[in-house]
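# Understanding the architecture of this molecule
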Amino acid sequence: MSSRPVWRSLQTHARRRLVVPETPYRCFSCTRRAQESPKSNDENRMTHFGFQNVPEAQKESLVGAVFSSVASSYDVMNDMMSLGIHRVWKDHFVRSLNPGSALPSRDHDTAGRGWNILDIAGGTGDIAFRMLDHATNINNDQETRVTIADINPEMLAEGQKRSVQTPYYNTDRLSFMQGNAQHMPSIPDNSVDLYTVVFGIRNFTDKQAALNEAFRVLKPGGVFACMEFSKVNNPLLNTAYKQWSFSAIPMIGQLVAGDRDSYQYLVESIEKFPSQEEFRGMIQKAGFMIPGRGYEDLTGGIAAIHKGIKPLSQA
Amino acid sequence: MTRSQSLLALSRRYLSTTTTKPTTTAAAAAATATATTPGRHTFCLGRTQTQTPQQQPQCLQRLRHTPPRHPIRSYHSAHHPSPPHEYSNSQTTILSAALRHVPSHGFTRDALTLGARDAGFLDVSVQLLPRGEFDLILFWLASRRGLLRSRVEEDALLQSPQGPLSTDQKVKILVMERLRMNVEVRDKWQDALAVMSLGENIPSSLSELHSLLDDILDLAGDVSVDASWYSKRMALAAVYTSSEFVMTRDESVDLRDTEEFLSRRLADTKAVGEKITGVKQCLGFMGSTAVGLGRSWGLKI
């Protein structure tokens with residue numbers, strides 16, 4: 001079940017635009033090569049890449065390599081790794097956000113009708129298509145539009161390929177953008193209603209910077225919603241889950257996608273991601289208001305949905 | 001939890017009556033107040049002796065939701081000064097605005113969305129309320145409960161020209177007053193009851209019902225600390241909820257049908273209570289007779 005989000009997060013990193021993976025099929029060998037290369041000035045700041053420590057400047061290209069390598073088999077692998085549960089999570093995520101305005105908008109709404117949704121790390125369009133479907137079919141909203149942003153062009157290409165099958169292909173309701181979630185100068189301040197990042201933020205080099213950028217682009221009252229792997233609270237379930245993710249998932253990766261290292265990175269990056277409470281603290285630090293407890297555990301905490309609302313600016 | 005609460009209250013009450021020594025002016029004032037409202041006691045028990053006029057306000061600050069002119073609370077809420085609600089400012093703004101749309105849109109997400117728009121938020125901002133329409137219902141209940149208390153404390157709802165009212169009369173007035181607040185949402189209230197009866201919402205709904213009944217009995221001046229603390233609340237819960245159902249179908253002027261229904265149910269409750277007391281007395285008498293008879297035959301009972 002964890003595999004899909006892992007894929008997704010891998011894709012996210014890969015989306016960063018500057019990345020041109022030299023050896024897209026072997027991420028760990030990439031790591032070694034990158035470490036051998038001469039160091040630049042700002043390379044002394046380290047970050048983690050799975051269980052390894054790598055210079056911050058390199059994480060982006062490493063993650064890019066991972067996602068480039070998995071892009072083609074992303075869907076099959078997600079289903080196999082999560083036993084299909086990721087679909088239930090994503091449906092629940094979209095339903096709880098209830099995108100689209102069922103009520104006619106008012107005259108004084110200057111920002112246009114419908115919601116402006118930004119789906120970060122949404123390369124394959126899983127979330128974006130679900131949200132457009134929900135807005136159209138449930139709320140009868142033909143105006144809501146989604147921008148899919150991903151750092152990895154190969155994941156975006158995968159999403160563009162899939163969008164041909166949807167009714168939103170070639171309409172202004174769906175657009176694609178390649179960009180780094182930590183710095184998106186093409187998106188103006190206060191312009192987005194809903195910012196989603198599903199199984200992506202785990203792969204960001206600087207998560208706090210991405211949260212701050214989300215705060216910048218959201219309209220006052222806009223919502224930041226994030227679904228990400230988290231910490232399992234039940235020790236029994238945790239044991240079984242760890243067994244599955246550290247033994248079964250890399251093996252499935254090897255058998256199905258022929259790439260063990262990428263999937264090894266995926267489970268390690270899940271292990272490294274902060275717990276529900278820590279991540280909630282980071283969301284608050286970026287300036288968001290937290291509704292209620294701030295997060296919702298899915299399947300015992302294997303994944304969690306985090307939400308934050310940008311406060312209205314106090315005049 | 002309720003049990004320990006009431007037992008604790010009992011012991012505290014006992015403490016207050018035995019240890020209060022009016023040595024300072026503040027304590028004397030408190031003692032006077034205690035004397036005028038029998039069965040009540042100062043909130044800051046145990047400090048009464050050392051209180052100075054400067055200390056008293058500090059002590060009262062612990063009761064965040066108590067109006068300053070009511071330094072004296074009866075036992076049941078003194079240890080748990082039930083806050084009207086636990087929503088943040090933004091949530092309260094949206095919910096208050098949404099309540100204005102309830103008569104037309106019901107307790108729905110639409111009402112919440114319109115409320116959010118009124119408050120200057122976006123449609124998506126209703127994510128601030130994780131429980132959606134149930135948050136709106138809870139806010140309605142809690143805010144009406146606060147309103148009921150302020151009616152009594154500020155509008156003198158329970159003052160009668162014919163002299164002091166009995167506890168039963170006060171309970172009836174309070175229940176009717178609370179039901180009248182629902183008149184404007186009468187058509188929508190059955191939907192709300194349906195949402196409240198969903199499995200995940202039942203605990204919160206019951207807890208809110210308990211708070212309301214607690215408030216009603218407190219405002220009516222009920223100070224029982226024995227087993228009737230429970231029986232009274234349970235009986236009133238049955239009467240209140242059934243009256244609520246009648247209210248949703250009541251087309252009469254000023255809820256006259258509901259009021260009659262309520263009077264009959266309260267009378268029933270009283271009659272049942274008297275019957276039970278009678279039966280208990282009868283059984284007790286027969287039991288003691290049997291014991292006496294046995295002893296007269298030489299049994300070692």
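Residues numbered from 1 in each chain as written. Chains lettered and ligands numbered in written order. Predicted model: local features only at pLDDT ≥ 70, side-chain atom pairs only at ≥ 80, totals over all residues.

## Section: the UniProt feature "domain: Ubiquinone biosynthesis protein COQ9 HTH" (unreviewed entry) in chain B
In this numbering, the UniProt entry assigns the feature "domain: Ubiquinone biosynthesis protein COQ9 HTH" (unreviewed entry) to residues 91-116 of chain B. A distance of 9 Å separates the end C-alpha atoms of residues 91-116 of chain B, which is 81% helix and 0% strand. (UniProt positions renumbered as here; feature names shortened; annotations may be inferred. Helix = DSSP H or I, 4+ residues; strand = E, 2+ residues; numbered from the N terminus.)

## Focus on the pairing of strand β7 (residues 218-229) of chain A
All names here are of chain A. The element β7 is largely enclosed, with a buried count of 11 among its 12 residues. Here strand β6 (residues 192-198) pairs with β7 via 6 bridges, running parallel. What sits directly across from V192, in β7, is L218. For the handedness criterion, the β-α-β arrangement of β6, helix α8 (residues 207-217) and β7 is classed as right-handed. Bridge analysis of β7 against strand β9 (residues 303-309) gives 7 bridges, and the strand direction is antiparallel. (Buried ≥ 20, exposed ≤ 12 C-beta atoms within 10 Å, placed from the backbone. Pairing = 2+ DSSP bridges. Right-handed = clockwise from strand over helix to strand, strands pointing away.)

## Here's the deal with the packing of helix α5 (residues 89-99) of chain B against helix α8 (residues 133-155) of chain B
Axes are the key here: two packed helices are described by the angle between their axes and the distance separating the axes. All names here are of chain B. Between α5 and α8, the shortest axis-to-axis distance is 10 Å and the interhelical angle comes to 80°. Put simply, α5 runs roughly perpendicular to α8. Contacts between α5 and α8 pair L95, A98 and L99 from the former with D135, L136, F139 and W140 from the latter. Here the residues of the contact of α5 with α8 are counted per class, giving 6 nonpolar, no polar and 1 charged. (Axes fitted to C-alpha atoms, helices over the stretch in contact; angles between N-to-C directions. Parallel < 35°, antiparallel > 145°, perpendicular 65-115°, else oblique. Contact = placed C-beta atoms within 7 Å. Nonpolar A, V, L, I, M, F, W, Y, C, P; charged D, E, K, R; others polar.)

## A look at the UniProt feature "domain: COQ9 C-terminal" (unreviewed entry) in chain B
Under the present numbering, the feature "domain: COQ9 C-terminal" (unreviewed entry) in UniProt falls on residues 202-272 of chain B. Along residues 202-272 of chain B the backbone is 79% helical and 0% strand, and the end-to-end C-alpha distance reaches 28 Å.

## Some points on the packing of helix α9 (residues 167-181) of chain B against helix α12 (residues 228-248) of chain B
Residues and elements named next belong to chain B. Two numbers describe how α9 lies on α12: the axes approach to 11 Å, and their chain directions differ by 40°. The angle between α9 and α12 falls in the class oblique. Judged by the sense of rotation from one axis to the other, the crossing of α9 with α12 is right-handed. Together, V171, V175 and L179 of α9 and L236, Y240, S243, E244 and M247 of α12 make up the contact between the two elements. (Left-handed = near helix turned anticlockwise from the far one by under 90°.)

## Brief notes about the interface of chain A and chain B
With 19 residues of chain A at the interface, the matching set in chain B holds 16 residues. Where the side of chain A that touches chain B is concerned, the elements lending two or more residues are β6, β7 and β9 of chain A. For the side of chain A that touches chain B, the element with the most residues is β7 of chain A, which contributes 4 residues. Class assignment of the residues belonging to the side of chain A that touches chain B gives a composition of 11 nonpolar, 4 polar and 4 charged.

## Digging into the pairing of β9 of chain A
It is a general feature of regular strands that their side chains alternate between the two faces of the sheet. Residue and element names in this part refer to chain A. In terms of burial, β9 is largely enclosed, as 7 of its 7 residues are buried. Because side chains alternate across β9, one face comprises the buried residues A303, I305, K307 and I309, and the other comprises A304, H306 and G308, equally buried. Pairing between strand β8 (residues 295-298) and β9: 4 bridges, direction antiparallel. Bridge pairing in β9 links Y295 to H306. The hairpin turn running from β8 into β9, its antiparallel successor, is 4 residues long, and T299 in that turn takes a positive phi close to 50°.

## Focus on the confidence of the model for chain A
Residue and element names in this part refer to chain A. Considering every residue of chain A, the mean pLDDT works out to 82; 83% of them sit at 70 or more. The spread of mean pLDDT over the elements of chain A runs between helix α2 (residues 27-36), the lowest at 49, and β6, the highest at 94. Contacts of residues 14-21 to residues separated by more than four positions or lying in other chains number 36 contacts, the stretch itself having pLDDT below 50. Note that pLDDT drops below 50 for residues 33-40; the model gives that stretch 4 contacts with residues more than four away or on any other chain. (pLDDT = per-residue confidence, 0-100.)

## A look at α12 of chain B
All names here are of chain B. An ideal rise of 1.5 Å per residue puts 30 Å on 21 residues; α12 measures up with 30 Å between its terminal C-alpha atoms. Turning to α12, its buried residues are W229, L236, V239, Y240, S243 and M247. Around the axis of α12, the buried residues are gathered within 110° of arc, so they sit on the same side. Those residues of α12 that are exposed and aimed more than 90 degrees away from the buried face are M234 and T241. (Expected span 1.5 Å × (residues − 1). Arc of directions from axis to C-beta.)

## A few points about the UniProt feature "binding site: S-adenosyl-L-methionine" (unreviewed entry) in chain A
Residues and elements named next belong to chain A. With numbering aligned to this structure, UniProt lists the feature "binding site: S-adenosyl-L-methionine" (unreviewed entry) at T124, D150, N180 and A181. Mapping N180 onto the fold places it in the loop between β5 (174-178) and β6. According to the C-beta neighbour criterion, N180 is buried, with 24 such atoms within 10 Å. The topology assignment puts A181 in the loop between β5 and β6. Here A181 falls in the buried class, since 30 other C-beta atoms lie within 10 Å of it. Among all residues touching A181, those that are not within four sequence positions of it are I120, A121, A149, F204, A210 and E213.

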